[in-house]
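An overview of the molecular structure
Read off the chains here:
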Amino acid sequence: MATTLEIPTIYRPNNQQRLFRLLLDAMAHPGSVAALSAWTDEAPAYLAVLAALCDGAVTIADLDAMLEDADWRFLEAARADFAGARFIVARGDRSPAAGLAPTLGDLTAPEMGATIILVIAELVRPGLSVQASGPGIKGTREISLGTLDQEWITRRADWVRFFPMGVDLLICDRARVLALPRSTRIKSEGAAS
Amino acid sequence: MRARRKRRPASYGFGFLDENAKKELRRALMKAVAIPGYQVPYASREMPIARGFGTGGLQITLALLGEDDTVKVIDQGSDESVNAANLRKFFALVCLGVTETTRTTDATVIQTRHRIPERRLRADQILVFQVPYPDPLVVVEANAGKRREMHGAANYARLWTKLYEDMVTFDEITISHRYPTRIAGHYVIDPSPIPRWDVPKLHMADCLYLFGAGREKRIYAVPPHTTAQPLSFSDVPFRVEDFTDEHGKRRACARCGATGTFLDELLAADSVKSYHCSDIDFCTETLKATQCAPSSKSAA
Ligand SMILES: [Zn+2]
């Protein structure tokens, strides 16, 4: 008589393990695009990222109301505004709000700097592109950021100015993700558009 | 022994740790990679092996492993020491579907104590270190909070001074293991008790290096393509161990003949010294390649 709760694919432990490994690999290779779709059953990539990393121990700021009630229930994370959130989810196709000031951590706890998940329409197609270098990148690498609003890269430069403090970006389109950890140096001049 | 699959008893969850513990470890791992060399704190869980025996590395490996992984465990370069073999069997027992191996080239995740394999690891491989003492600043600063501030500001003046004093006293830097190494120009790490021989392998690698200290509850990382500079002085440069003999000739492994590996000294009953590769898999593979060439039929 008890109905079996249908657990969506992205909340199942074996899929979360696969998603985590793809995310770890993406973080270790900034700018490389990880395809998540084999483990998401059509769930959007940003939700798969949150599912793989979040639980009741963390807070999420959902700046553009992309998470539905059911998502919050499965994620178990507490809602927060951007100032205190460990994770921030926002639309990346538009500019960040002028007052957006994510947690950067401090010198003795830089890991408290937020993970910002930016959702855009298309990662790979021609659009914004930047020259990147730093840990995880052999030499320099041109990273295509598709439809990401350039203002995010400008603001990021402020947020990561005082390493080790900073934020780490995970930029998602429908089914893919790439990482820009705070350690990545970006020459922003490469912007086409 | 080669790739082999094992079933686990139904009472274990996959990977032994509960999912919340794994998620905490995974979040710490993501931040460790994003902040190269920084010791990320996490809440260490009780593990079924004694503290100090690699719980930190063990927890990282359990947070990584999935059913399509192939895992290898080495202790001082050997897969068949009791510790290495037991850990490998533990992974196979609690991670259904995980394949165990002794072959470096077949492994996706390698857990290690005291060595980095001789064969250059690939981008699709992760090396997990068991770390007894994560903080290189312990020798100069007892207060943990002060050490965190010094790390954050990359203030290593006192560590440099200590090294310099050693140098003046002994005429060279005497550290044989746990050589303090600066990662990506900021944090100095304790790379765990690997010999100096292995330290250059941290620099601009293709693979990801993860370090786990269970007692201190710290995780840190050296990402691929990241600088790793052993601290040294211009007049006393960093040097790896010297394996030349009294005639100035590079010693070779008595078993496989290799002249480019880290060697263990063995003393036979008649007190004659011989030298063997510390990395047993590398030694075995080299031996097979020389014995089997040109026909490689028996190599499987
Ligand atoms: Zn040998």
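Residues numbered from 1 in each chain as written. Chains lettered and ligands numbered in written order. Predicted model: local features only at pLDDT ≥ 70, side-chain atom pairs only at ≥ 80, totals over all residues. Heavy atoms only, no water.

This part is about the packing of helix α2 (residues 55–64) of chain B against helix α3 (residues 82–94) of chain B. When two helices pack together, their arrangement is given by the angle between their axes and by how far apart the axes lie. Residues and elements named next belong to chain B. Where α2 meets α3, the closest approach of the two axes is 11 Å, and the angle between their N-to-C directions is 30°. Crossing handedness for the pair α2 and α3: right-handed. Where α2 abuts α3, its residues L58, T61 and L62 lie against L87, F90, F91 and V94. Broken down by class, the residue content of the contact of α2 with α3 amounts to six nonpolar, one polar and no charged. (Axes fitted to C-alpha atoms, helices over the stretch in contact; angles between N-to-C directions. Helix = DSSP H or I, 4+ residues; strand = E, 2+ residues; numbered from the N terminus. Left-handed = near helix turned anticlockwise from the far one by under 90°. Contact = heavy atoms within 4.5 Å. Nonpolar A, V, L, I, M, F, W, Y, C, P; charged D, E, K, R; others polar.)

Turning next to the interface of chain B and chain A. Contacts between the two partners involve 39 residues from chain B, matched on the other side by 41 residues from chain A. When chain B packs against chain A, the two sides together hide about 3,100 Å² of surface, and 62% of this comes from carbon and sulfur. For the chain B face of the interface with chain A, the top three residues by lost area are R27(B), M30(B) and K31(B), together amounting to 23%. Linking chain B with chain A are four salt bridges. The residue D68(B) makes a salt bridge to R18(A) at a minimum N-O spacing of 2.8 Å. Between chain B and chain A we count 16 residue pairs in polar contact (both at pLDDT 80 or more) in total. Counting residues per element, the ones that place at least two in the side of chain B that touches chain A are α1 (19–34), β1 (40–41), α2, α4 (144–152) and β8 (208–213) of chain B. (Buried area = accessible area lost by both parts, 1.4 Å probe. Salt bridge = Lys/Arg side-chain N within 4 Å of Asp/Glu carboxyl O. Polar contact = N/O pair within 3.5 Å; in protein donor to acceptor, adjacent residues only side chain to side chain.)

To continue, consider the layout of surface pockets. All names here are of chain B. Approximately 540 Å³ is the volume attributed to the largest pocket. In this structure, the largest pocket is lined by 31 residues; those nearest its centre are P134, D135, P136, V138 and V139. Mapped by element, the contributors of at least two residues to the lining of the largest pocket are α4 and α5 (157–170). At five residues, the largest contribution of residues to the lining of the largest pocket is made by α4. Classifying every residue of the lining of the largest pocket gives 15 nonpolar, six polar and ten charged. (1 Å grid on protein atoms, 1.4 Å probe; cavity = no way out; pocket = protein on both sides within 12 Å on 5 of 7 lines; lining within 4 Å. Points joined across faces, edges and corners; volume = space filled by probe spheres on them.)

Before going further, it helps to examine the side chain of T184(A). All names here are of chain A. Here T184 lies in the loop between β9 (176–180) and β10 (185–187). For T184, a relative accessible area of 2% gives the class buried. Excluding anything up to four places from it in sequence, T184 contacts P30, A132, S133, I137 and R156. (Buried < 20%, exposed > 50% of the residue type's maximum accessible area, 1.4 Å probe, protein only.)

All names here are of chain B. Scored by pLDDT, chain B has a mean of 90; 90% of the residues are at 70 or more. pLDDT under 50 marks residues 1–12. Its contacts with residues more than four places away, or in other chains, come to 32 contacts. The low-confidence segment residues 296–300, where pLDDT is below 50, has three contacts with residues more than four positions distant or belonging to other chains. (pLDDT = per-residue confidence, 0-100.)

Residues and elements named next belong to chain B. It is at 9 Å that the axes of α1 and α2 come closest, and there the two elements cross at 100°. As the angle between them shows, α1 and α2 are arranged roughly perpendicular. Contacts from K22, L25, R26 and L29 of α1 reach α2 at Q59, I60, L62, A63 and L64. When its residues are assigned to classes, the contact of α1 with α2 shows six nonpolar, one polar and two charged. (Parallel < 35°, antiparallel > 145°, perpendicular 65-115°, else oblique.)

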